Amino acid sequence: MALCGPATHGLSLVCSKSHARTRRPRRSRGSGVVQILAGYDVTGMEGVEVEGFDEGQLERPKWVGETPLSRFVGAVISFKPLYSLLKLGARRVLIDTAEKKNIPWREMTTEILESDVYKELESIQNPSVVYPDYYLNAFHAYDEGNLSWLAAAEAEAATLSMARRTVPDASSLDEANEVVRGNWLQAIEQHHLQYSGNSMIRDILDIGCSVGVSTGYLADKFPLAKVTGLDLSPYFVAVAQFKEKKRFPRKNPISWIHANGEDTGLSSNSFDIVSMAYVLHECPNRAIVNLVKEAFRLLRPGGTVALTDTAPKSKILQELSPVLFTLMKSTEPFLDEYYLTDLEGTMREFGFVNVTTLLTDPRHRTVTGTVPR
């Protein structure tokens with residue numbers, strides 16, 4: 001599983017701090033450090049430094065799978081009283097860390113919970129949706145998982161906190177997002193330009209859109225496209241629709257759908273880009289397989305799939321302290337299955353070609369592929 005191998009095809013990405021330069025990507029020999037150098041549109045990004053993202057020496061973190069460390073952590077988490085404490089601890093760490101980084105988690109949450117967002121649920125909820133068993137598990141420190149107003153109200157703050165945590169040396173949240181979101185969007189655009197056969201980007205589907213943060217970025221990046229956000233949680237989609245109504249109207253309004261990404265019910269060959277951002281690590285292997293299969297069905301010939309999530313070969317993730325990875329695994333029940341899934345192989349199995357994996361920030365990879373023309 002090569003994360004940033006030779007097939008970077010000239011894609012240049014943004015890293016944090018200082019002065020931006022433009023070079024072709026290269027791998028430093030024997031160091032495990034992928035040198036991804038800046039070539040992104042840096043308008044308004046003064047103070048962005050070029051530096052590499054570190055790959056670890058392992059294929060995946062040592063706390064994954066059937067390693068002694070992983071089994072020990074699993075035993076700790078399986079002890080119910082301790083598991084409850086871990087969930088509370090993980091939640092406290094997330095909120096406190098966010099607010100120390102000037103992300104007003106509690107204020108943002110209260111603003112949503114005390115708004116008229118509840119009126120959106122009736123118009124967006126699809127009563128025919130059947131929730132898969134894995135989706136009914138407790139995760140992210142919520143007993144109801146994503147099926148709650150609290151999870152939906154806190155999702156944007158959690159997303160912002162993720163970006164800040166990913167690029168801790170960034171001088172601001174905006175700079176962190178320029179790395180995390182900018183590199184992800186650039187990876188999608190560059191892959192489509194190279195492999196689509198010059199097909200236009202008319203329709204984009206964001207599967208697992210949550211409260212619409214990634215969907216909004218896609219709509220801003222590709223303003224001529226019709227963008228659709230789809231999520232299995234009606235609460236998340238209700239918040240997404242509510243927040244979108246509060247912003248300045250777009251020329252092409254975003255559409256929101258409450259549906260299962262494994263079986264969307266949407267027409268085959270109807271999208272040019274299908275994106276899943278930070279979705280797969282929340283899914284068991286069987287769901288990951290179904291999501292990849294559904295993306296292939298939905299894309300037109302020459303279409304691009306983009307799967308962005310935590311990188312098994314991220315040096316930062318491989319070197320997490322025992323306390324941090326125990327807290328993380330206590331809120332992510334399917335994390336092991338995600339890390340043990342051969343994502344690139346699964347994509348090829350269902351027919352994707354030009355499968356390319358890039359470490360687009362210190363913690364995350366973006367895996368892209370093309371439906372043959």
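Everything below is about the structure printed above this text.
In this convention, every chain numbers its residues from 1, walking through the sequence in written order. Only residues with pLDDT of 70 or above have their local features reported here, since the model is predicted, and side-chain atom pairs are shown and tallied only from 80 upward, although totals for entire chains, interfaces and linings are computed over all residues. The side-chain figures draw on all heavy atoms in the structure; neither hydrogens nor water molecules are used.

1. Quick word on helix α1 (residues 68-78)
Taken as a whole, α1 has its buried residues at Ser70, Val73, Val76 and Ile77. Across the axial projection of α1, the buried residues extend over an arc of 125°, all falling on one side. For α1, the exposed residues lying more than 90 degrees away from the buried face are Pro68, Phe72 and Ser78. Contacts made by the buried residues of α1 are with α2 (80-100), α11 (322-331) and α12 (335-340). The cut-offs for exposure are 20% and 50% of the maximum accessible area for each residue type, with area from a 1.4 Å probe on protein chains only; residues under the lower value are buried, those over the upper are exposed, and the others partly exposed. Each helix is a run of H or I in the DSSP string that is no shorter than four residues. Each strand is a run of E no shorter than two, and both are numbered from the N terminus. What the arc describes is the spread of directions from the helix axis to the C-beta atoms. Note on contacts: a residue pair qualifies if any of its non-hydrogen atoms lie within 4.5 Å across the two residues.

2. Looking at the pairing of strand β10 (residues 364-370)
Of all seven residues making up β10, seven are buried, and the element is well covered by its neighbours. Covered by surrounding structure in β10 are His364, Thr366, Thr368 and Thr370 together with Arg365, Val367 and Gly369, the residues of both alternating faces. Two strands are counted as paired when DSSP detects at least two bridges linking them. For strand β8 (residues 299-310) and β10, the ladder comprises seven bridges, and the chain directions are antiparallel. Residue pairing across strands places Asp309 opposite Arg365, the latter belonging to β10. Here five bridges tie strand β9 (residues 353-359) to β10, and the two strands are oriented antiparallel to one another. Each bridged residue has a counterpart across the sheet, and for Val353 the counterpart in β10 is Thr370. Taking the residues that link successive antiparallel strands as the turn, the β9-β10 hairpin has four residues.

3. As for helix α5 (residues 149-166)
Every helix has an expected span of 1.5 Å times one less than the residues it contains. With 18 residues, α5 should reach 26 Å at 1.5 Å per residue; the first-to-last C-alpha distance of 26 Å fits that figure. A bend of about 40° at Ala155 is the largest found in α5. When you tally the buried positions in α5, you get 14 out of 18 residues, the bulk of the element. To get the bend at any residue, fit one axis to the seven residues that end at it and another to the seven that begin at it, then take the angle between the two axes.

4. Some thoughts on the pattern of salt bridges
By definition, a salt bridge exists where a carboxyl oxygen of Asp or Glu is found within 4 Å of a side-chain nitrogen of Lys or Arg. Inspection of the entire model under this criterion finds 17 salt bridges. The residue Asp220 makes a salt bridge to Arg250 at a minimum N-O spacing of 2.7 Å. Taken together, the residues Asp220 in helix α7 (residues 213-221) and Arg250 in the loop between α8 (234-246) and β6 (255-258) connect sequence positions 30 residues apart. Across the salt bridge formed by Arg297 and Glu294, the nearest N and O atoms sit 2.7 Å from each other. Within this pair, Arg297 and its partner Glu294 are both found in helix α9 (residues 285-298), separated by three residues, close to a single helical turn. Beyond isolated ion pairs, a larger network of salt bridges with shared partners links Arg202, Asp203, Asp272 and Arg300.

5. Side note on the side chain of Lys329
Here Lys329 is to be found in helix α11. Take Lys329: its relative accessible area is 11%, and that puts it in the buried class. Setting aside anything within four residues of it in sequence, one finds Lys329 in contact with Trp63, Ser70, Val73, Ile77, Leu335 and Asp336.

6. Section: the packing of α5 against α8
Every axis in this analysis is a line fitted to C-alpha atoms, fitted for helices over the stretch in contact. Angles between the N-to-C directions lie between 0 and 180 degrees. Where α5 meets α8, the axes come as close as 8 Å, and the angle between the chain directions of the two elements is 45°. Judged by the inter-axis angle, α5 sits oblique to α8. Where α5 crosses over α8, the two elements pack in a sense that is right-handed. Mapping the contact onto sequence places Trp149, Ala151, Ala152, Ala155 and Glu156 in α5 and Tyr235, Phe236, Ala238, Val239 and Lys243 in α8. Side-chain classes follow a simple rule in which Ala, Val, Leu, Ile, Met, Phe, Trp, Tyr, Cys and Pro form the nonpolar group, Asp, Glu, Lys and Arg form the charged group, and the remainder, Gly included, forms the polar group. Taken together, the residues that form the contact of α5 with α8 break down as eight nonpolar, no polar and two charged. When an angle is under 35 degrees it counts as roughly parallel; over 145 it counts as roughly antiparallel; between 65 and 115 it counts as roughly perpendicular; any other value is oblique. By definition, turning the near helix anticlockwise from the far helix through less than a right angle yields a left-handed crossing, and turning it clockwise yields a right-handed one.

These figures capture arrangement, not role.
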